[in-house]
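Residues per chain, in single letters:
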Amino acid sequence: MSTFAALREQLLDAATAFAGGPDALPEILAGLVDDVDRALREELEIFPVCHHSPASALAMTRRLRDRQPKVIYLELCEDLRPLLEELRNCRLPVALQAFATELEGFPPGSGPLSVVAPLTEASAEYQAIAYALDTPGVELVLVDRSADHVFQWLPQEEAGPVTAERDGDLHGDAVGVEVGDLRPRFAELEEHLLRHGKVRHWSEWWDQYVEQPLAGADYDTYRQAMALIGSLFRRLGPGGERLAGDEERERHMWTRIREHLAVSGADPATCLYVCGAFHAVSTVPEFGLAADAPAYTITPPTATRWLYGLIPSSHSAIEAQFGLAQGSVSIAAATWAKAATRGGLTPYRLRGQRGTRSRAVSPARAAVPAPAGQVTDRLSGFLATPPVLDGLDEAELRGWCVDIVRLARRNGYLASTADAIAVFETSILLAGLRNRARPTPYDFQDAAVTCIEKDVVPGRRDIRRLCEILLGGDRIGEVGYDALPPLARDVYDRLEPLGLDPGRRTQQRALLDLRADPELVPCSDLLWILRQLLPEGAVRPIMGARRLGERPIQESWDLAIGRHQRSIIELGYEGVTVEQVLEQRLRRKVWEPQAGAGVALAAVEDAILYLGGRRFADELGSRAVELLAAERTVDDAPEVLRRIRRLLAHYRATQPDLPAWCEAFVTAGYAHYCTLLPTAFVDEDTGVRQVGAMLGFLFSMEGLALSLGCDRAQLELAVRQAHPQEPAKMALLWAAQTQLGLLSQAQLRARCDELLANPLVIPSFPLYLSGFVQALEPVPALAPFVVEVLSKAFARLPDEVLLPWLPTLITTLRRHALELVPVLVREAGRTFPASLAELDEWVAPWERPARPVAPARPASAPSGPVAGLLAGHPQACDAVAALLGCVGEWPTTTEGIAGTEGTEGTVGTVGAAAGELLTRHPATTGAIAVLLTG
């Protein structure tokens, strides 16, 4: 325990002088040294790392080449191990993913669940994976808890359903698994470090004070420094549920390590344990191979069926998910490449992996087991040695300055060589002001913005974005064809006739002439299904539409398949084909607790359009009937009316008879809306649009409902029981009464005239008009009357009343009846004159004198050939009369029916009437004569 004695005494003396006496600070500093000493003396060599750290990747590469371990224990979800072999078919960065939609053992509504573990080349875990998979005789063992345990140990409010994903975030809102999460968990500590380090965010502090100094450090120095940082953040953390979860992970990992050593018989001297620096200095009793703590029991996983695969990742996705600064992963990749080149180091890369260049691998050295328990103090000298600025960094800075000016000029900036010099000098100045030995990429970025950025950005990219592109850009990975799930490969194969490159992330245009190339019809069907399943923008139709009763002959598509590869891969977790996935989603949608009849009818329409067949559509339709009967509100009545009309028109045009579920839906809807109609008229929460849709359903489906056995008296009784108070609903009630014959148009006109004559009602008259416009849905014949009422209002009201009243009318119509206003406009176009010349002599139809009513002729026996036909075959009339409940008597003899003596009498009667009509209106006869002779 005397290895770090000098460092311990130095820290204790400094703490005592700083605190001015006994305090908690000396105990904390002494504990840091003890943690480092305990971790480094462990029999199993512990390699502390930080997530996506170039310094960790460099130290890992050097250590693997020097020691060549036979077993590598890696802090990664143990059930992700089979995915590692598929990394050869991918281009980094990619993410290992575990995905589950059908959950068992988790709270209802908590799915879907997703876990991702991103990998980049500049990470220690990838170097260990590449070494283990390509080196014969090396075993790679993942020891972290499984994806199922990730969500078992999470607080239930954190394991919620997937929400809308951010733009460009390839991981969605999946839970990220990091190897080495090194960040202060004490907010005051992080704020203190950022303020005294004169940096803006944590990524810049880490790069300046950890990455750069450790990039060229030897292995022992790196290992001790990382352990010290992990101990610092652990001892200054707030504890709580997060620390408890970390300790559970550490118990799990050490248990798995001991189990593997016991089963395999491997020598701990030939093994390497790769974990985060935070876990390398763990204080749990199970830490170490010689721990004498009771055996830790790992809880069994739930019955949830997890699916595994690889999804594309990117630098920006990693930064967004793990809270890193924008551009920090790209800067880390550039630092990794520079350090590897400068040190002559050959990184490990999987053989055959896409996006990597084959390099000659340096000859392997003989394996040198590390002596257990021998630790040399390297921390004291490392902490006291300042970093040195070398010439290579200055040359790199000059190159950056020249390149940023070139990029700025390409993007519209008026930059010159003087700006490059200014950026160079300002970078050095900023580094000096921030007490840095050499300018960092962050100093260069700030200097470029200061010297080149103007008030207005001339192009799409500003200087900060150009600096990120210069320093490496947002590198995006790709999953190869062989590593895709069967569904994704099936999609790529079926789209092959279009001649597209599925790997391109740019947008591609596809033109389909379905009449000239019928073999492209399956491609069209697939694209329409993908449009329903993929996020917006992945598959976008430019020309062509898929509606009931319509099939386009030409289509044009904008496709971004490569950009949404992750979404296509996740479809493979739900089924084998996209048709199966769509069927499952539609079935799941209509069986959700909050689903309504409108949702079910929309699912029926989608099933007809994209899946074909009648079985599945009938199943969804039956569910729609159940949902409609169970509804207690009418909020989605407009949606139900619009969709059932469209579906009935489709079935009448394509099928010999209506499906049974359609008939059941109409009868159930007729009874349902009749029952709820009186309540909806008086309920304040039910809008005018919903009541109008209910009446529209009842009146438009009345003929079909009555033929299926419904009773019209139920509708009349519901209208008579309605007693609304709101003006708009009152107008709707009057329209319904007019349609049922309970109120004549003359009476309705008189009521409206009374409203216009009452000065107390004038301010609320727009609400009445809104109700009348909504009534055009159930009673379209009311359109001329609504035009009449509006015209009377504008003609009779004075300006002092009309001008304050007009904005209310416009906003009311726009809010309540926007889609019905065009119907009103068309009717007004038919009513009013088409030209100004006709306006002077035009008289409104409602102001013209009424025509004299002809005296009613005395009732007489029916005459004509029709009467004779009915009298000769009375069975049809008797059947209709019995159906309607009418009682009638037939004359006992045919002589009692006038006009049945013979055909000649009938013809003569008709001819006389026609002659009288032509004599009274000779213009028609003259026009026909001119047409025939001309």
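What counts and how
Residues numbered from 1 in each chain as written. Predicted model: local features only at pLDDT ≥ 70, side-chain atom pairs only at ≥ 80, totals over all residues. Heavy atoms only, no water. Axes fitted to C-alpha atoms, helices over the stretch in contact; angles between N-to-C directions. Helix = DSSP H or I, 4+ residues; strand = E, 2+ residues; numbered from the N terminus. Parallel < 35°, antiparallel > 145°, perpendicular 65-115°, else oblique. Contact = heavy atoms within 4.5 Å. Nonpolar A, V, L, I, M, F, W, Y, C, P; charged D, E, K, R; others polar. Salt bridge = Lys/Arg side-chain N within 4 Å of Asp/Glu carboxyl O. Buried < 20%, exposed > 50% of the residue type's maximum accessible area, 1.4 Å probe, protein only. Pairing = 2+ DSSP bridges.

**Q** Pulling in residues and values, what's your account of the packing of helix α32 (residues 783–796) against helix α34 (residues 821–831)?
**A** Packing of α32 against α34 brings their axes to within 9 Å, and their N-to-C directions diverge by 80°. In terms of orientation, α32 lies roughly perpendicular with respect to α34. Packed against α32, whose contacting residues are Ala-783, Pro-784, Val-786, Val-787 and Leu-790, the element α34 presents Leu-824, Glu-827, Ala-828 and Thr-831 at the interface. Taken together, the residues of the contact of α32 with α34 sort by class into 7 nonpolar, 1 polar and 1 charged.

**Q** Would you mind going over the pattern of salt bridges in detail, with residue names and values included?
**A** Taken as a whole and judged by the stated rule, the model has 45 salt bridges. With its nearest N and O atoms 2.8 Å apart, the salt bridge here joins Asp-134 to Arg-88. Note that Asp-134 is positioned in helix α4 (residues 124–134) and Arg-88 in the loop between β2 (71–77) and β3 (90–91), a separation of 46 residues in sequence. The class for Asp-134 is buried, based on a relative accessible area of 12%. Residue Arg-749 is joined to Glu-788 by a salt bridge in which the shortest nitrogen-to-oxygen separation is 2.5 Å. Separated by 39 residues along the polypeptide, Arg-749 in helix α30 (residues 745–757) and Glu-788 in helix α32 bring together distant segments of the chain. Classification of Arg-749 by relative accessible area gives partly exposed; the value is 25%.

**Q** Pulling in residues and values, what's your account of the sheet that holds strand β11 (residues 508–513)?
**A** Pairing within the open sheet is antiparallel, and its 3 strands lie in the order β11-β13-β12. Since the sheet does not close on itself, it has two edges, and those belong to β11 and β12 (539–543), each with one partner. Across the sheet, the mean angle from the axis of one strand to that of its neighbour is 25°, orientation sign disregarded. Taken together, the 6 bridges between β11 and strand β13 (residues 554–559) define a ladder with antiparallel strand orientation. What sits directly across from Leu-511, in β13, is Ser-556. Running at roughly 50° to β13, helix α19 (residues 521–533) makes contact with β11, β12 and β13 of the sheet.

**Q** Outline the environment of Leu-582, listing residues and values.
**A** Within the secondary structure, Leu-582 is located in helix α21 (residues 578–590). The sequence separation of Leu-582 and Ala-607 amounts to 25 residues, and the corresponding C-alpha distance is 8.6 Å. Filtering out sequence-adjacent residues up to four positions away, Leu-582 remains in contact with Ile-529, Gln-532, Leu-533, Tyr-610 and Leu-611.

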